[in-house]
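Chains, contacts and geometry: an overview
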Amino acid sequence: MRGEPIRVWGGREPDAACGLHWLAEQLRPLGLERLEITLVELPEWELRPDSTVVQYAGWGGVEPRRFQEMALRGTKLPTNYVRSLANRWKTLQQENATLRAVVNGKLVSAPDSLYDAWILRELDAQADEFVEAQLIGQVLGTYQFGLGDGWIALRIEQFIRDGRLTPVTEPEPDGPVYRRILRKTGR
């Protein structure tokens with residue numbers, strides 16, 4: 001007996017990859033062979049009729065009117081593939097890493113410092129004193145890793161604990177912490 005078909009909207013960014021793997025594990029008790037799962041993957045890019053090339057960083061960048069058309073691009077997932085996703089999720093859970101990333105198209109456990117080289121590259125381009133939000137925006141805009149500002153802000157907090165940066169100002173009491181000004185310490 002089959003239930004309702006399932007449509008999953010996925011992408012290449014870490015959150016979407018984690019969500020797909022997690023969902024596969026959650027569905028396992030229902031009997032994966034009895035499920036019909038269709039994956040609609042976010043295209044990396046598309047050519048519009050006016051010759052404009054659009055690159056997508058996430059589903060939030062897709063105009064709502066386009067979702068019906070994109071739904072038609074879905075691919076039914078074979079049971080063994082869904083099972084492999086569920087198995088991979090179990091492995092990732094056992095590894096219990098702080099960070100998961102998509103490397104060469106595969107979801108992997110990663111060290112906290114995975115993105116530090118790129119953050120530091122953009123930090124080097126900043127003046128001695130700079131607004132933290134500008135650094136975060138530069139990292140996100142330049143590299144488009146598919147992760148949010150929160151992770152970059154956490155790594156900057158680690159740089160402060162490590163003595164690489166010093167806060168010059170404090171953020172507004174109800175404002176985001178990264179509205180403050182930071183100073184490089186020369187380390």
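Residues numbered from 1 in each chain as written. Predicted model: local features only at pLDDT ≥ 70, side-chain atom pairs only at ≥ 80, totals over all residues. Heavy atoms only, no water.

Describing the side chain of glutamate 25
Take glutamate 25: it is sitting in helix H1 (residues 14-27). When near neighbours in sequence (up to four residues on either side) are disregarded, glutamate 25 contacts Ala86, Trp89 and Lys90. (Helix = DSSP H or I, 4+ residues; strand = E, 2+ residues; numbered from the N terminus. Contact = heavy atoms within 4.5 Å.)

Overview of the sheet that holds strand E8 (residues 129-131)
Spatially, three strands are ordered E8-E10-E9 in an open sheet, and the strand pairing comes out antiparallel. The sheet terminates laterally at E8 and strand E9 (165-167), the two strands that pair on one side only. Mean inter-strand twist for the sheet, computed between neighbouring axes without regard to direction, equals 35°. Sheet topology places E9 next to strand E10 (residues 181-184); three bridges connect them, and they run antiparallel. (Pairing = 2+ DSSP bridges. Axes fitted to C-alpha atoms, helices over the stretch in contact; angles between N-to-C directions.)

Remarks on a nonpolar patch on the surface
On the surface, Trp45, Leu47 and Val53 cluster together into a nonpolar patch covering about 350 Å² of accessible area. Structurally, the position occupied by valine 53 is in strand E4 (residues 53-55). (Patch = residues over 30% accessible without salt bridge, like charges linked within 9 Å, V, L, I, M, F, W, Y side chains within 5 Å. Areas by Shrake-Rupley, 256 points an atom, 1.4 Å probe, with all protein chains shown as cover. Salt bridge = Lys/Arg side-chain N within 4 Å of Asp/Glu carboxyl O.)

Overview of the packing of helix H4 (residues 116-124) against helix H5 (residues 132-143)
The interhelical angle for the contact between H4 and H5, taken along N-to-C directions, is 120°, at an axis separation of 9 Å. Between H4 and H5, the interaxial angle falls into the category oblique. Considering the relative orientation of H4 and H5, their crossing is right-handed. The segment H4 lies against H5, with Trp118, Ile119, Arg121, Glu122 and Leu123 engaging Leu135, Gln138, Val139, Thr142 and Tyr143. Considering only residue class, the contact of H4 with H5 consists of six nonpolar, two polar and two charged. (Parallel < 35°, antiparallel > 145°, perpendicular 65-115°, else oblique. Left-handed = near helix turned anticlockwise from the far one by under 90°. Nonpolar A, V, L, I, M, F, W, Y, C, P; charged D, E, K, R; others polar.)

Here we look at H4
Residues of H4 that are buried include every one of Asp116, Ile119, Glu122 and Leu123, and no others. Seen along its axis, H4 keeps its buried residues to an arc of 130°; they face one direction. Buried residues belonging to H4 abut E8, H5, helix H6 (149-161), E9 and E10. (Buried < 20%, exposed > 50% of the residue type's maximum accessible area, 1.4 Å probe, protein only. Arc of directions from axis to C-beta.)

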